[in-house]
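A look at the structure
Residue-level listing of the chains:
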Amino acid sequence: MSGPSPTPVHEPARQRVLRAARQALRVLAVELGTPTEPGTPLFGSVQNPWLRRLPYLVAFGFAVSLLPTTITILGHDYGLNGGLAGALATAQTAPLLLAVTRPLQAWWVIFTADILCAMALTGADGVAGRAWPWPPMVIVGYLALMVALSLRERSRTLIAVWLTTGVAGILFEPRTPDGSVGTWVLLFVLTGVVLMMGATLRERGDAQRKLIEQETISEAERARRTLLEERTRIARELHDVVAHHMSVITVQADSAPYRLSGLPREAEEEFGSIAATARESLAEMRRLLGVLRSEETERHGGPEKAPQPGIGMLPKLVEGTVRAGVPVELSLPEDRVPLEPAVDLSAYRIVQEALANVVRHAPGARTRVSVTTAADGSRLTVLVVNSPPPAPSAPLETTGTGHGLIGMRERVRLVDGSLDTGPLPDGGFRVAAQLPLSPPPAPAASLSPKDSGSV
């Protein structure tokens, strides 16, 4: 009993080969038909105007020099008709001007013209003893085009162009005229070398541009992180200021029934409600602040217990700066000025950061610190001015991060003030802050030792 006839083994293999060939041709067509950034000139992003014009000048030079040379060689040496030689020469050289902005489209025109030229030279009388299928001037123009192509197109497109050039030379090989000198291998090798070198230069330039972009992004992120860190620090300090007032409110509300006799029951309940609300606000504020505090701070005992400084502590700050080798003169208002805690703290931090900058960048420079109030009592002026550092002194830091100025601006913005900083004509530096003064807070009711102890 005979079985079914076996299926030929070579049929599936042949189908796989044909399918792979069709897929390869499809990919080749896509790569050769999809230019990268059409219309964008080579070196278009360069700042120097002369470098931006350089591709146009080079393309113009090649086109002007190759056009008459190609016409002469095709007509005189190879024996082509004058009109045909002129048309082919124009199609092979003029598109070099297009290669500055659209190198892939220029390649299509020039490559087609080179193919037609090779076919026309097949039956020419002067081919014997001369280069074929690519004459010398064709090779020069084609390599110039490859430079523009390699600086613009992606690697897959360059490989497709290189393979297409080699395939065209292989297809012309069987039709080589007698006595001619084959040049398709030479063009194939030189094309590969030029494309590889151009692609390497392009990728190196792209890597440098990406590195510069990353450095710019990193600098912006660093400034943003510095701003957030300074805001976190301000938030911690404001917590201590607000917590103090909220604690006073809680103590006053809790102790009111003991300090004030004859209060109605409704008033006692109202004071109790105020105290409970104040405690709840304190607890909520501490929970939110816990998100801002670092793990290191939490490990060392949680919230800071030290009181926040103000302008009253500036003499001690100046004394420490003088010990660091910076002569500082301090001028404070003669009368004690009642300040809001946020304004008091901001004034101290601005002076502190300004003196720290003097120590780092201008050691030994004479510095004047002045804190004054306006005649109408509407604002507080903080002024820190330093002279140029003495000649023998060298700065401890030659470059700055700008973190201190960022912190000053944040503190001034917090209290709706203004800040003016900048170098002076003599080489010194000036920091001037205008901080608005709110009306002085009402004096808190004092507690007797007995009442304080009961709380």
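Residues numbered from 1 in each chain as written. Predicted model: local features only at pLDDT ≥ 70, side-chain atom pairs only at ≥ 80, totals over all residues. Heavy atoms only, no water.

Moving on, we come to the nonpolar core. Across soluble globular proteins, nonpolar side chains show a tendency to be buried alongside one another. Leu74, Trp107, Leu121, Trp134 and Met146 are the most contacted members of the largest nonpolar core, which totals 43 residues. Mapped by element, the contributors of at least two residues to this core are helix H2 (49-77), helix H3 (82-93), helix H5 (103-122), strand S1 (131-132), helix H6 (136-150), helix H7 (155-172) and helix H8 (184-259). Once residues within four sequence positions are removed from consideration, Leu121 is found in contact with Leu74, Tyr78, Leu80, Val127, Trp132 and Pro135. Counting 28 residues, the second-largest nonpolar core is a separate cluster that includes Val318, Val343, Leu380 and Val382. (Core = buried A, V, L, I, M, F, W, Y, C linked by side-chain atoms within 4.5 Å. Buried < 20%, exposed > 50% of the residue type's maximum accessible area, 1.4 Å probe, protein only. Helix = DSSP H or I, 4+ residues; strand = E, 2+ residues; numbered from the N terminus. Contact = heavy atoms within 4.5 Å.)

Bringing the pairing of strand S5 (residues 379-386) into the picture now. Sheet faces and side chains relate simply in a regular strand, where the side chains alternate between the two faces. Here S5 lies mainly inside the structure; seven of its eight residues are buried. Bridging between strand S4 (residues 367-373) and S5 involves seven bridges; their strand directions are antiparallel. Residue pairing across strands places Thr367 opposite Asn386, the latter belonging to S5. Between S4 and the antiparallel strand that follows it, S5, lie five residues; Gly377 among them carries a positive phi value of about 70 degrees. (Pairing = 2+ DSSP bridges.)

As a further point, take unusual backbone geometry. With an omega dihedral of 5 degrees, the bond running from Trp132 to Pro133 counts as a cis peptide bond. Residue position: Pro133 is located in the loop between S1 and H6. In this structure, Phe43 is a non-glycine residue whose phi angle is positive, near 65 degrees. Here Phe43 shows up in the loop between helix H1 (10-33) and H2. Accessibility expressed as a relative area gives 37% for Phe43, which makes it partly exposed. Notably, Asp416 is not glycine yet its phi reads approximately 60 degrees, a positive angle.

Where strand S6 (residues 418-423) lies against strand S7 (residues 429-436), six bridges are found, and the strand directions are antiparallel. Bridge pairing in S7 links Leu419 to Ala433. Counting the residues in the hairpin turn of S6 and S7 gives five residues, including Gly427, whose phi is positive at 105 degrees.

Let's shift gears to the packing of H6 against H7. Packing of H6 against H7 leaves a shortest axis separation of 11 Å and a crossing angle of 160 degrees. Judged on the interaxial angle alone, H7 and H6 are roughly antiparallel. Note that H6 runs across H7; the crossing there is right-handed. In this structure, H6 contributes Tyr142, Met146, Leu149 and Ser150 to the contact, and H7 contributes Leu158, Val161 and Thr165. In terms of residue class, the contact of H6 with H7 is built from five nonpolar, two polar and no charged. (Axes fitted to C-alpha atoms, helices over the stretch in contact; angles between N-to-C directions. Parallel < 35°, antiparallel > 145°, perpendicular 65-115°, else oblique. Left-handed = near helix turned anticlockwise from the far one by under 90°. Nonpolar A, V, L, I, M, F, W, Y, C, P; charged D, E, K, R; others polar.)

A few words now on the side chain of Asp344. Along the chain, Asp344 falls in helix H12 (residues 341-361). Overall, the relative accessible area of 16% leaves Asp344 in the buried class.

Attention shifts here to the layout of surface pockets. Each pocket or cavity is described by its volume, and for the largest pocket that value is around 630 Å³. Here the lining of the largest pocket takes seven residues from H8, the largest share from any one element. Considering only residue class, the lining of the largest pocket consists of eight nonpolar, six polar and seven charged. (1 Å grid on protein atoms, 1.4 Å probe; cavity = no way out; pocket = protein on both sides within 12 Å on 5 of 7 lines; lining within 4 Å. Points joined across faces, edges and corners; volume = space filled by probe spheres on them.)

Moving on, we come to the confidence of the model for the protein. This prediction gives the protein a mean pLDDT of 81; 83% of its residues lie at or above 70. Helix H14 (residues 449-454) is the least confidently modelled element of the protein, averaging 36 in pLDDT, while H6 averages 95, the highest of any element. A low-confidence stretch, residues 298-305 stays under pLDDT 50, and its non-local contacts, those more than four residues away or across chains, total seven contacts. Across residues 396-401 the pLDDT falls below 50, and counting only partners more than four positions away or on other chains, this stretch makes six contacts in the model. (pLDDT = per-residue confidence, 0-100.)

If you walk through the whole model with that rule in mind, you get five aromatic pairs. Here Trp132 and Phe172 contribute two aromatic rings whose centre-to-centre distance is 5.6 Å and whose plane-to-plane angle is 85 degrees, an arrangement assigned as edge-to-face. Of this pair, Trp132 sits in strand S1 while Phe172 sits in helix H7; the two residues are 40 residues apart in sequence, bridging distant segments of the chain. An identical accessibility class is assigned to Trp132 and Phe172; each is buried. A ring pair is formed by Trp134 and Phe172, whose centres lie 6.0 Å apart and whose planes are at 85 degrees; its orientation type is edge-to-face. With Trp134 in the loop between S1 and H6 and Phe172 in helix H7, the pair connects residues that are 38 residues apart, well separated along the chain. In terms of burial, Trp134 and Phe172 fall into one category: buried. (Phe/Tyr/Trp six-rings, centres within 6.5 Å; stacked < 30°, edge-to-face > 60°.)

Looking now at the pattern of salt bridges. Across all of its chains, the model carries seven salt bridges by this definition. Between Arg156 and Glu31 there is a salt bridge, with the nearest N and O atoms lying 3.4 Å from each other. Of the two residues, Arg156 is situated in helix H7 and Glu31 in helix H1; the sequence distance between them amounts to 125 residues. For Arg156, a relative accessible area of 51% corresponds to the exposed category. (Salt bridge = Lys/Arg side-chain N within 4 Å of Asp/Glu carboxyl O.)

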